[in-house]
Amino acid sequence: MEKKEQLYEGKAKKVFATENPDYVIVSYKDDATAFNGLKKGTISGKGVINNKMSNMMMQMLEKKGIPTHFVKEIDDRNTVVKKVQIVPLEVIIRNVAAGSFSKRYGVAEGTQFKAPTIEFSYKNDDLGDPLINDYHALALNLASEKEIETIKKMAFAVNSEMIAFFKKLNIDLIDFKLEFGRYKGQIVLADEISPDTCRFWEAGSWDTTKHVSLDKDRFRRDLGGVEDAYNEIFKRLMGD
C-alpha cells in the first residue's frame, strides 16, 4: 500500500490517502507539544516508539474483543489504519489523581481513586479542548446517546485490560486519553496509545511525592530524561 496525497497533519502524526478509500497511512513524527501546542520540541525516536507501541496495544485489545482502527504496520513510522470519522471527543480515564485533575480539584497527585473516573473534552483547538459532559456532547451533536454509552463501555474495558497489561511490566497506569472513530457504522478505538497519551509511573511510586514518570510529563515539566523514559517503556514492552 502506497502513500498518496497528505490529508492531514497534526501535532504528532501525518495522515496520507492510499489507493484504497477505506484505508489511510498514519506516519508518526518526533515532534512534541504540550499545553495545547504552547510548548514545542522534539523527542528523538518518539515516532518509532509510539507507532510500534500503539500497534502492539491495538492488536492486544482487538484480541480482547475491542474493535480498533489498526490494519497493518508498514515500517518503523508508518501504519495502515481504517479511515474513520473521528468522534470529536477526547476521552480521559483516570485511576490516580495527577496533572490537570489535581490542579482543578486541589487533590494531591498520587491520590488513588476508589473507582476509575471518565472525562470528556470537546476536540477543538480554538476553544482549548474544554471539558464537557454527556448532555453537552448530545446538545452539540458530537455523538448519539448510543455512541456515548458505547464509548464509555469501551474506554473502561480498555482501562481494565491496560492496567493488567502494564502491571506485569512493573508500570502503573495513572491516566490516559483515548479517541474513537466511526467506521462503517461501528465505533472503533482510534488514534494512538503511547507515552504521549498515557501517564505511566514506575510501579508503586505514585504513593510518594517523588513518583517516577515514564511518559510525556518529563517533557511537559522539564524533568529531563525524556528519551530515556520512552525507551524504557519500549524496552519493557519488547521484553528486553
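Here is what the cut-offs are and how they apply
- Residues numbered from 1 in each chain as written.
- Predicted model: local features only at pLDDT ≥ 70, side-chain atom pairs only at ≥ 80, totals over all residues.
- Heavy atoms only, no water.
- Helix = DSSP H or I, 4+ residues; strand = E, 2+ residues; numbered from the N terminus.
- Rg over C-alpha atoms; globule rule 2.2 N^0.38 Å.
- Buried < 20%, exposed > 50% of the residue type's maximum accessible area, 1.4 Å probe, protein only.
- Contact = heavy atoms within 4.5 Å.
- Lys, Arg positive; Asp, Glu negative; His and termini not counted.
- Charge placed at Lys NZ, Arg CZ, Asp CG, Glu CD.
- Expected span 1.5 Å × (residues − 1).
- Pairing = 2+ DSSP bridges.
- 1 Å grid on protein atoms, 1.4 Å probe; cavity = no way out; pocket = protein on both sides within 12 Å on 5 of 7 lines; lining within 4 Å.
- Points joined across faces, edges and corners; volume = space filled by probe spheres on them.
- Core = buried A, V, L, I, M, F, W, Y, C linked by side-chain atoms within 4.5 Å.
- Axes fitted to C-alpha atoms, helices over the stretch in contact; angles between N-to-C directions.
- Salt bridge = Lys/Arg side-chain N within 4 Å of Asp/Glu carboxyl O.

### A short note on the overall build of the protein
Turning to step 1, where the next piece is worked out: When helices and strands are counted, the protein shows 6 helices and 14 strands.
Turning to step 2, where the next piece is worked out: In terms of C-alpha radius of gyration, the protein reaches 17 Å, essentially the compact-globule figure of 18 Å for 240 residues.
Turning to step 3, where the next piece is worked out: Residues counted as buried form 52% of the 240 residues belonging to the protein.
Turning to step 4, where the next piece is worked out: In the protein, the proportion of contacts linking residues at least 24 apart, taken out of those at least 6 apart, comes to 57%.
Turning to step 5, where the next piece is worked out: In the protein, 37 positive and 37 negative side-chain charges are present, and the distance between their average locations comes to 2 Å.

### Structural notes on helix α6 (residues 226-238)
Turning to step 1, where the next piece is worked out: In this model α6 runs 19 Å from its N-terminal to its C-terminal C-alpha over 13 residues, within 8% of the 18 Å that 1.5 Å per residue would give.
Turning to step 2, where the next piece is worked out: Backbone geometry just after α6 places glycine 239 at a positive phi near 80°.

### Quick word on the pairing of strand β13 (residues 186-190)
Turning to step 1, where the next piece is worked out: Within β13, 4 of the 5 residues are buried, which leaves it mostly tucked inside the rest of the structure.
Turning to step 2, where the next piece is worked out: Of the strand pairs in this sheet, strand β12 (residues 171-183) and β13 are connected by 5 bridges, and their pairing is antiparallel. Along β13, the bridge assignment pairs tyrosine 183 with glutamine 186.
Turning to step 3, where the next piece is worked out: Hairpin connection, β12 to β13: the antiparallel pair is bridged by 2 residues, and lysine 184 has positive phi, about 50°.

### Observations concerning empty space enclosed by the protein
Turning to step 1, where the next piece is worked out: For the coordinates displayed, the defined rule picks out 1 cavity of 30 Å³ or more.
Turning to step 2, where the next piece is worked out: Taken together, Val26, Tyr28, Ser54, Asn55, Met58, His69, Thr79, Val81 and Asp191 make up the full set of residues lining the largest cavity.
Turning to step 3, where the next piece is worked out: Those elements that place two or more of their residues in the lining of the largest cavity are β3 (23-28), α1 (46-63) and β7 (78-82).
Turning to step 4, where the next piece is worked out: By residue number, the principal contributor to the lining of the largest cavity is α1, which donates 3 residues.

### Topic: the nonpolar core
Turning to step 1, where the next piece is worked out: Core analysis: the biggest nonpolar cluster contains 39 residues, and Met162, Phe166, Leu178, Phe180 and Phe200 have the highest contact counts within it.
Turning to step 2, where the next piece is worked out: The set of elements that each furnish at least two residues to this core consists of α1, β9 (89-96), β10 (112-122), α4 (145-167), β12, β13, β14 (198-202) and α6.
Turning to step 3, where the next piece is worked out: Per-element accounting of this core gives the leading share, 7 residues, to α4.
Turning to step 4, where the next piece is worked out: For phenylalanine 180, the residues in contact, after removing those within four places along its chain, are Gln85, Ile86, Val87, Val91, Ile151, Met154, Ala155, Ile187, Val188, Leu189 and Ala190.
Turning to step 5, where the next piece is worked out: Core analysis: the next-biggest nonpolar cluster, separate from the first, contains 6 residues, Ile43, Ile49, Val226 and Tyr230 among them.

### Considering the side chain of aspartate 191
Turning to step 1, where the next piece is worked out: Mapped onto the elements of the fold, aspartate 191 is located in the loop between β13 and β14.
Turning to step 2, where the next piece is worked out: On the basis of relative accessibility, which here comes to 15%, the residue aspartate 191 falls in the buried class.

### Comments concerning α1
Turning to step 1, where the next piece is worked out: Between the first and last C-alpha of α1 there are 26 Å, a value that for 18 residues agrees with the 26 Å anticipated at 1.5 Å per step.
Turning to step 2, where the next piece is worked out: Of all 18 residues in α1, 13 are buried, a share of seventy percent or more.
Turning to step 3, where the next piece is worked out: Trailing α1 by a residue or two, glycine 65 shows a phi angle of about 90°, which is positive.

### Notes on the sheet that holds β7
Strand pairs in the sheet, formed through backbone hydrogen bonds, run parallel or antiparallel to each other.
Turning to step 1, where the next piece is worked out: Ordered by their spatial adjacency, 5 strands build an open sheet running β1-β2-β3-β7-β6, and the pairing between neighbours is antiparallel. This sheet does not close on itself; its edge strands, each paired only once, are β1 (6-9) and β6 (70-73). Each strand of the sheet is rotated relative to its neighbour by a mean of 25°, with strand direction disregarded.
Turning to step 2, where the next piece is worked out: Bridge count between β6 and β7: 3 bridges; the pairing is antiparallel. Within the sheet, the bridge partner assigned to glutamate 73 lies in β7 and is threonine 79.
Turning to step 3, where the next piece is worked out: Across the sheet, α1 is in contact with β3, β6 and β7; its angle to β6 comes to roughly 135°.

### Description of the environment of isoleucine 148
Turning to step 1, where the next piece is worked out: Tracing the chain through its elements places isoleucine 148 in helix α4.
Turning to step 2, where the next piece is worked out: Between the C-alpha atom of isoleucine 148 and that of alanine 137, which follows or precedes it by 11 residues, the distance is 8.4 Å.
Turning to step 3, where the next piece is worked out: Leave out the neighbours within four places in its chain, and isoleucine 148 touches Phe120, Asp134, Ala137, Leu138 and Ala143.

### So, the pattern of salt bridges
Turning to step 1, where the next piece is worked out: For the coordinates displayed, the defined rule picks out 23 salt bridges.
Turning to step 2, where the next piece is worked out: Taking the shortest distance from any N to any O, the salt bridge between aspartate 134 and lysine 152 comes out at 2.5 Å. In this pair, aspartate 134 is assigned in helix α3 (residues 134-139) and lysine 152 in helix α4, connecting sequence segments 18 residues apart.

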